[in-house]
Amino acid sequence: MKAFDFEHHLIGSYARFSQSFTRIRAEDLNAAVARQYAQGRFWPDALLSLNPRYLSGPSIDELVASGDLDEATGRIFCFDAGPLRLHRHQAQSIAKARAEQSFVVTTGTGSGKSLCFFVPIIDAIVRARKRGRPPQTKAIIVYPMNALANSQLKEIEKFIAQSGLPDTLKPVVRRYTGQENQEERERAAKHPPDILLTNFMMAELLLTRQDALDTRVIDNAQGLAFIVLDELHTYRGRQGADVAILVRRLRNRCNPDGAPICIGTSATMASEGSEAGRAQAVADVASRLFGAAIGPDAVIDESLRRATDERLTLADVRPRLAQTLTDELPETLLDADLVRHPLAVWVELAIGLEDGLTLKRQKPVPFGEAVAQLASDTAAMSRTHRIAWHELLGKALTDALIGLPYSVSTEEELALRSQRLDVLIIEQAAAVSSNRRGAQVTAADLQCPDGLDDLAAHNLLSFKAAGAPYDAWALEELNSHYVTYRKLASIRALQQRPADDERPISEPSKAYPLLPALDFRSYAVATHFPRKLIKQLPPGSCQRTEQPGIYTLRAGTREVRLIGINDLRALPHNAPWRLFSSNKAQQSAALHQYHPRSEIGLHLCNLLTQHLLGDGNMAHTFEDMQREAHEWLKASIRKLDPEEVLQCYGPEERLKGLDPEERLKGLDPEVRLKGLDPDEVFSRFDPATIEAWLKKHRRGH
């Protein structure tokens with residue numbers, strides 16, 4: 001069942017029903033009432049609560065071995081998979097009953113409160129049967145609603161039926177709620193059940209109605225050992241006073257000389273104040289209802305533990321929520337995966353538990369508030385950790401395609417104003433044939449990444465990173481980009497028309513046709529295989545190719561090449577793809593295999609290494625990335641020894657950019673003049689300077 005769909009159907013049905021009685025003719029009144037319905041005034045938002053994980057107690061077999069339970073009880077509370085493992089609060093309840101002490105269980109919904117009284121009651125019954133005691137009703141369990149009695153009757157009968165015990169030891173459970181026919185009532189009177197399930201109104205009638213069958217049923221409960229009030233919190237005000245009197249009359253009628261064990265259960269008895277204060281408040285209410293002394297030490301609360309990894313906090317998982325929420329769910333999620341799953345941790349700590357000195361379950365939260373809290377935590381982290389992954393992929397492909405006649409870009413004028421797309425554009429262009437070391441790179445030296453080995457003249461590549469699933473809408477976006485891009489590429493081609501052709505070419509037309517569709521190819525790139533998308537397409541739309549991770553999609557009249565990065569071969573030529581895997585081990589391996597051919601490629605490796613290590617401070621745009629690349633290279637060069645840097649260059653490259661005076665600094669005069677023609681040297685000086693220099697040297701000789 002889809003819970004939210006069912007809720008919407010239920011509320012919609014009730015809204016139509018409630019509005020069907022009156023037709024409001026005044027338009028203003030009708031509009032006002034309609035607003036009240038639309039705002040949900042008549043039905044509050046659904047409440048969201050988490051069933052927590054409880055601290056474990058002993059197993060049924062362990063209690064049998066210790067003598068706390070009879071062997072026959074162990075056989076009743078056992079399944080094919082093995083003995084039942086109790087929660088700590090269930091084991092504490094059994095211990096209280098063994099000590100013949102009344103108690104109240106205040107654990108939450110779904111905590112197994114019914115076993116807190118059924119196990120000790122059935123254990124007392126089988127022990128009495130083994131001692132040969134005559135049949136009699138040992139326990140009366142009072143429910144506020146017949147539906148609860150009906151469901152618990154079915155559950156306890158399942159336990160008893162599968163035990164394999166002989167009939168002489170099997171406990172008998174009967175219902176006496178007013179739903180029974182005459183035959184069932186007579187059976188309960190003639191053959192006393194060990195446990196009687198009833199409601200407070202029927203219990204009152206059993207004590208007051210002058211009916212022979214009722215009298216026999218209540219007489220069968222002489223020596224009553226247990227009185228149980230389920231959902232104790234429902235007995236308030238006048239009804240609480242009635243039930244308190246009912247319990248006292250039951251005790252006086254069925255066990256006037258003894259003290260039956262009184263057991264109460266409730267999920268919502270008290271929620272305010274300190275733990276000790278809440279226990280005292282519950283104990284006071286229970287004492288008034290049962291007419292027996294019940295202290296705060298007899299109030300058994302739940303003991304909780306984390307279901308997710310106890311080492312993870314909200315601060316640890318918030319930065320990963322945005323990616324987790326938009327990522328496609330895997331087909332299988334094992335318990336080991338869920339223990340550390342960011343969303344599971346967030347739900348447990350943000351909605352389920354209060355992580356204080358001891359773990360406590362939080363109050364139920366309106367569903368809308370929970371959604372708003374998740375959106376707030378997700379948006380706050382996604383704003384600070386948003387990365388333009390498709391731009392970084394574009395730079396990786398730019399670096400990888402050096403030596404091939406293609407250029408890569410990310411922006412196109414697709415509307416009246418420029419907009420940044422999540423597509424990359426790969427077009428035929430002049431080859432960039434040199435790498436960062438100045439060596440020539442030819443096509444023969446390269447092997448294209450898988451899927452790009454037969455690029456067309458114009459290629460559109462749409463990339464969805466791990467934080468954005470590739471779904472049907474993404475595919476429709478790619479196809480719409482193709483239509484616009486084909487028009488723009490055709491216009492650019494038409495602009496190369498003869499100079500004397502002055503006809504307008506704002507749109508392709510019959511005179512200026514579109515470029516052939518075969519000149520264009522579309523690529524859908526995703527980190528993992530988009531199962532959700534494939535389910536949304538007609539059967540047979542996706543076909544595998546010979547290369548792992550490469551598929552052909554039929555999208556309308558177009559074929560789209562689908563590339564699933566996580567499934568590609570772990571080969572060096574696929575490293576530019578696998579740098580963007582959602583698997584960190586694949587990313588790390590790709591970083592070791594990747595050999596950048598430009599400074600952009602070098603800086604990309606540096607950025608992805610930081611991201612892999614958890615830094616996350618990455619460039620958001622091409623311009624930022626290029627600027628950071630230059631700054632990073634400068635900083636890296638400054639750390640090197642100057643002589644080591646100069647060894648990378650020839651003599652001419654070392655002197656390039658220096659003026660003549662700077663080049664000659666530090667050289668002896670003879671070295672400066674070495675290799676020069678004498679006539680060339682003397683031509684730079686006037687005759688008087690030359691004559692003065694000669695006279696000086698003649699005197700020296």
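Residues numbered from 1 in each chain as written. Predicted model: local features only at pLDDT ≥ 70, side-chain atom pairs only at ≥ 80, totals over all residues. Heavy atoms only, no water.

### Considerations on the sheet that holds strand β10 (residues 195-199)
The strands making up a sheet associate through hydrogen bonds between their backbones, and the pairing can be parallel or antiparallel. Going by this rule: Strand pairing requires that DSSP identify at least two bridges connecting the strands. Put simply, DSSP marks the helices as runs of H or I at least four residues long and the strands as runs of E at least two long, and each gets a number from the N terminus on. Pairs of residues are marked as contacts when any of their non-hydrogen atoms sit within 4.5 Å. Only the contacting stretch of a helix is used when fitting its axis, a line to C-alpha atoms as for every element, and angles between N-to-C directions run 0 to 180 degrees.
Ordered by their spatial adjacency, seven strands build an open sheet running β9-β10-β8-β11-β12-β7-β13, and the pairing between neighbours is parallel. Two strands close off the open sheet at either side, each with one partner strand: β9 (173-175) and β13 (299-300). Alignment of strand β8 (residues 139-143) against β10, held across five bridges, turns out to be parallel. Looking across to β10, one finds that I141 is bridged to L197. Helix α7 (residues 146-161) rests against β8, β9 and β10 of the sheet, and its axis sits at about 160° to β9. Along the sheet, helix α9 (residues 200-208) makes contact with β8 and β10, crossing β10 at roughly 110°.

### Concerning the packing of aromatic side chains
For clarity, the threshold we go by: Working definition: a ring pair exists when centres of Phe, Tyr or Trp rings (six-membered ring for Trp) sit within 6.5 Å. Plane angles under 30 degrees give stacked, over 60 give edge-to-face, the rest tilted. Each residue gets one of three labels from its accessible area relative to the maximum for its type: buried under 20%, exposed over 50%, partly exposed in between, using a 1.4 Å probe on protein chains only.
Counting across every chain of the model gives nine aromatic pairs. When the ring of F463 is compared with that of F580, the centres are 6.0 Å apart and the planes differ by 80°; the resulting orientation is edge-to-face. Residue F463 is found in strand β20 (residues 458-464), and its partner F580 is found in the loop between α20 (575-578) and α21 (584-593); the two are separated by 117 residues along the sequence. Ring centres 6.0 Å apart and planes at 75° place the aromatic pair Y482 and F520 in the edge-to-face group. Taken together, the residues Y482 in helix α18 (residues 472-494) and F520 in strand β21 (residues 520-526) connect sequence positions 38 residues apart. Y482 sits in the buried class, given a relative accessible area of 8%.

### Some remarks on unusual backbone geometry
Even without a glycine there, the phi angle at E100 is positive, about 60°. By the secondary structure assignment, E100 is in the loop between α5 (88-98) and β7 (103-105). Residue classification places E100 among the exposed positions, given a relative accessible area of 67%. Here E231, not a glycine, exhibits a phi torsion of approximately 55°, which is positive. Mapped onto the elements of the fold, E231 is located in the loop between β11 (226-229) and α11 (237-254).

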